[in-house]
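In case you want the letters, here they are:
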Amino acid sequence: MGGRRGSRTQRKHFKQNRENVWKRPKTDSSSDPNNPNSNNPPWQPFATQNPSFDEYYKEQGIVSPDEWDSFMEVLRKPLPAAFRINSTSQFCEDIRSQLENDFMKSLQAEAAEGGDLEPIKPLAWYPDNLAWQSNFSRMQIRKNQTLERFHEFLKLETEIGNISRQEAVSMVPPLFLDVHPHHFVLDVCAAPGSKTFQLLEIIYHSAKGGSLPEGMVLANDLDVQRCNLLIHQTKRMCTANLIVTNHEGQHFPGCRSHKNILIGSETTNELEKSITQLLFDRVLCDVPCSGDGTLRKAPDIWRKWNGGMANGLHCLQIQIAMRCLSLLKVGGRMVYSTCSMNPVENEAVVAEILRRCGVSVELVDVSNELPQLIRRPGLKKWKVRDKGVWLASYKDARKLQRNGIVPSMFPSGKNYTDLTNKNKSEIGENVNSEDAVQLDDPVPSTDDLEEEISDLPLERCMRIVPHDQNTGAFFIAVLHKVSHLPAIQEKSASSQKKLSTRNGLHENLSDQATEEINGLEVSSVDGTDEKILEVASEVDKNISKIASEADERISEVTSDDEKISEVALEADLVDEPDEGSPESNSTEATQGAVDKKIDSAKTGEKRKLQMQGKWKGVDPVLFFKDETIINSIKTFYGIDESFPLTGHLVTRNNDANHVKRIYYVSKSVKDILDLNFRGGQQLKITSVGLKMFERQTSREGSSAPCSFRISSEGLPVILPYITKQILYASAADFKHLLQYKSIKFADFVEADFGQKAANLMLGCCVIVLRDAGKSLSDHIQVDTSTIAIGCWKGRSSLSVMVTAIDCQELLERLSVGMETEKNATLAPENHSELDEKQDMSGENGTSPEEQDVEAKKIQDINATE
Ligand SMILES: C[S@@+](CC[C@H](N)C(=O)[O-])C[C@H]1O[C@@H](n2cnc3c(N)ncnc32)[C@H](O)[C@@H]1O
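Quick caveat, the model's predicted, so the values are computed rather than measured.

A. The UniProt feature "binding site: S-adenosyl-L-methionine" (unreviewed entry) in the chain, seen in detail. If you check UniProt for "binding site: S-adenosyl-L-methionine" (unreviewed entry), the listed places come out as Cys189, Ala190, Ala191, Pro192, Gly193, Ser194, Lys195, Asp221 and Asp286 in our numbering. Of the residues just listed, which span 98 residues, no C-alpha pair is farther apart than 12.9 Å, and they cluster in one region. Topologically, Ala190 is positioned in the loop between β5 (184-187) and α8 (194-204). Setting aside chain neighbours within four positions, we find Ala190 in contact with Thr196, Ala219, Asn220, Asp221 and Leu230. Relative to the helices and strands, Ala191 resides in the loop between β5 and α8. Apart from the residues lying within four places of it in its own chain, the contact partners of Ala191 are Asn220, Asp221, Arg226, Cys227 and Leu230.

B. Spotlight on the sheet that holds strand β25 (residues 742-744). The five strands are arranged β24-β26-β27-β28-β25 in an open sheet whose pairing can be described as mixed. Looking along the sheet, the strands with just one partner apiece sit at the ends: β24 (726-729) and β25. Each strand of the sheet is rotated relative to its neighbour by a mean of 30 degrees, with strand direction disregarded. Its contacts with the sheet place helix α29 (residues 751-759) against β24, β26 (763-769), β27 (788-793) and β28 (797-800), and it is angled at close to 165 degrees to β24.

C. Examining the site of the ligand more closely. Close to the ligand lie 21 residues, the nearest being Lys195, Asp221, Arg226, Gly249 and Asp286. One nitrogen or oxygen atom from the main chain of Pro192 is found 3.4 Å from an oxygen atom belonging to the ligand. Relative to its unbound accessible surface of 600 Å², the ligand loses 88% to contact with the protein. Those elements giving two or more residues to the shell around the ligand turn out to be α8 and α11 (308-326).

D. How the structure looks around helix α2 (residues 51-60). Within the sequence span of α2, burial applies to Phe53, Asp54, Tyr56, Tyr57 and Gln60. Buried residues in α2 make contact with α3 (68-75), α10 (300-304), β14 (384-386) and β15 (389-391). At the C-terminal side of α2, Gly61 shows a positive phi close to 65 degrees.

E. Looking closely at the pairing of strand β3 (residues 131-134). The alternating pattern of β3 places Ala131 and Gln133 and Trp132 and Ser134 on opposite faces, both of which are buried. As judged from the four bridges shared by strand β1 (residues 81-85) and β3, these two strands associate in the antiparallel manner. Across the sheet, Arg84 pairs through a bridge with Ala131, a residue of β3. Of the pairings in the sheet, the one linking strand β2 (residues 121-122) to β3 comprises two bridges and is antiparallel in character. Counted as the bridge partner of Lys121 is Gln133 from β3.

F. Region of interest: the pairing of strand β11 (residues 328-338). Burial analysis of β11 places eight of its 11 residues in the buried class, which makes it a mostly covered element. Relative to β11, strand β10 (residues 280-286) runs parallel, the two being bridged by six bridges. In the strand pairing of β11, Leu284 is matched with Val335. Bridge count between β11 and strand β17 (residues 474-481): six bridges; the pairing is antiparallel. When the bridges of β17 are listed, Arg333 appears paired with His480.

Quick notes on the rules
- Residues numbered from 1 in each chain as written.
- Predicted model: local features only at pLDDT ≥ 70, side-chain atom pairs only at ≥ 80, totals over all residues.
- Heavy atoms only, no water.
- UniProt positions renumbered as here; feature names shortened; annotations may be inferred.
- Helix = DSSP H or I, 4+ residues; strand = E, 2+ residues; numbered from the N terminus.
- Contact = heavy atoms within 4.5 Å.
- Pairing = 2+ DSSP bridges.
- Axes fitted to C-alpha atoms, helices over the stretch in contact; angles between N-to-C directions.
- Near = heavy atom within 4 Å.
- Polar contact = N/O pair within 3.5 Å; in protein donor to acceptor, adjacent residues only side chain to side chain.
- Areas by Shrake-Rupley, 256 points an atom, 1.4 Å probe, with all protein chains shown as cover.
- Buried < 20%, exposed > 50% of the residue type's maximum accessible area, 1.4 Å probe, protein only.

Set out below in structure tokens:
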């Protein structure tokens, strides 16, 4: 269900932001490469070359010298268009069949007759023929009728949300994530959301009988504008299983709460079912990168490209990836990906992750997965280039005093001290790295650089290069979290020392920040609930002892009573097992918990604001509990008791009396919202849930018995549970509604239907398309294939509450679907009969013009709210 409706207002709003995916750059006929009379070379808006790019990648050896030319040749060609069918769309089957049986076959036939056309084709490695590639110029589209028809088809289905344009290689990372419908998935750098869309599709795949899946996707992005784009894109999914947040990935909050995890008496304690820490089964870490894998799509990168772009992103990429690993459950899978070819953003980052995590994370060999996808193994050796100079090891960087260069950029990941004082380090002798570097050593020339080779299994990473299968480039690494990540013990120890002074508290804050940046878990409680309990009680004891000591020490350095009580108050909140890894229930780990909590107590106002859910500029997320309104909705639409409403409705408005929209959230999302409330609203949520009910604001609307209508996004989810205000129309009447938008009761082809419509209560209602052969009195079983629209039952007519484009799409789908059942109901004479009736209807009170106004009014409600 779902996936086909979106509001017109949003479309308008994002018109400028969204790329017009099916437009190609304009070319005139004389420069068209497919025009045999063309004298000129194709017009190139950007120079597709950059000497530093050539020099850089030749030296890195990402392709062998003998394939360099074909690599560059393909890199300079425009990228074929690729698109995916939305597998959750009601019309997925129809669309795939149209592509396979109509467009592909017709184009194949034309190509066989000697045309210069390349038929569209499914991407061999993408499951179930759901992803396709096409390669046509504007000129070809203009000249060929099939292509023109295909192009119109793509435009409409994309607008509706049944098809998404996405670069072929960008579709790869979610496929390696092994997502299941019950999984909680974090997409940490998610905007503009093409992979989020895919992840949601996988979550929905095989969800039983139209019910909501157990899992969910949390899509996060640092950039709020891009978050909005993501929200817009994913609206078309009509999903209640998505949360969108706006955080820095490297500082993504670790929501946790162990409060109320016990229920029952002391002797019969049971674990509450709710989640206590926000951890994920799967994480997609599609980090910001220099993006040279998208050169074919974004040729302006040729001009801007330089090797330093990758160096500048390397540390951020590690930080984000490490934070994600700390948010991943033990046993979970994370995919790290970039659309860059550069080893400094790819293999070097993966190598550093493996070094930091030790045995707790492994790089998974996925060579058996998606065998039809051509990819190359990750590199084991590479170099770093900084300001035009090649560096083979960190030693070179030190000699040349290259401050922006860090050891982890190199294959060995070791600094000069590590290399030269290996033995000393092993026996724990403290070595000052500054002393160890011989700054006056001669700088090696490129030829005598000492080559470093990584001893990590980096060949398990994947690099997709453009000339292998006519795509863009991408890098993907699959990581498996085997056990909890190692703690930074030194940091906890040093934190302990700093606890006793105000300055110390500030330093602790920066320590905490560093830990978060490193993404290392000082502890983790992602073990079993039993473990949480054990650790919780042990940590509780230690925390209260250490916290009171801390209070004493603080009181020694401050005479400000308010400050003390503030800390004491916050220290009260620290009774959660933040810092004690279940395995290492050490004092150090416990102390870490206190450090963090005392630190957070001292962060003052900012934190307090967050505790109230007051994220600046972001509407609060509130559970909607107004029983009067909920009951009036339930009664009006006869919503079956089996549909869980209580606890699943949220609003974004503090003022319960003026709630305009009510959103529906799945059980998984509800659990996270619950946790977020318990944990002090750390999540900055920009969007959550599926818009289910909207308040009627028109004059007629506000006089209806129920002031909320069902939104078109929410309809597919609630449809099976509606027992009132619902009617089943014949194909003829359903089509007429879509065509004419508003029909007087007396004008329906099926008079009984018109009568039933007249008997509905004033307000929103649902009109379902009846299967051929079913009569108005038959029982109709609603399922995922059921086609239904929201309508407005007015005083004299029924009007659709669906946007014009959605009406158009439905009409086209119906005509494709019903081509074989050419029944008489839509014969021309019926049309004229209807037109005639409508023409005469003015006598009965509402003129056709008035009907138009009424229909428009209803649609305007849709458009403006
Ligand atoms: C490669 S794009 C992601 C593409 C996206 N996964 C998709 O498939 O549509 C990288 C995204 O990371 C975001 N970003 C940049 N820095 C970030 C950070 N520190 N934390 C989270 N997101 C960040 C950017 O705004 C950008 O949207």
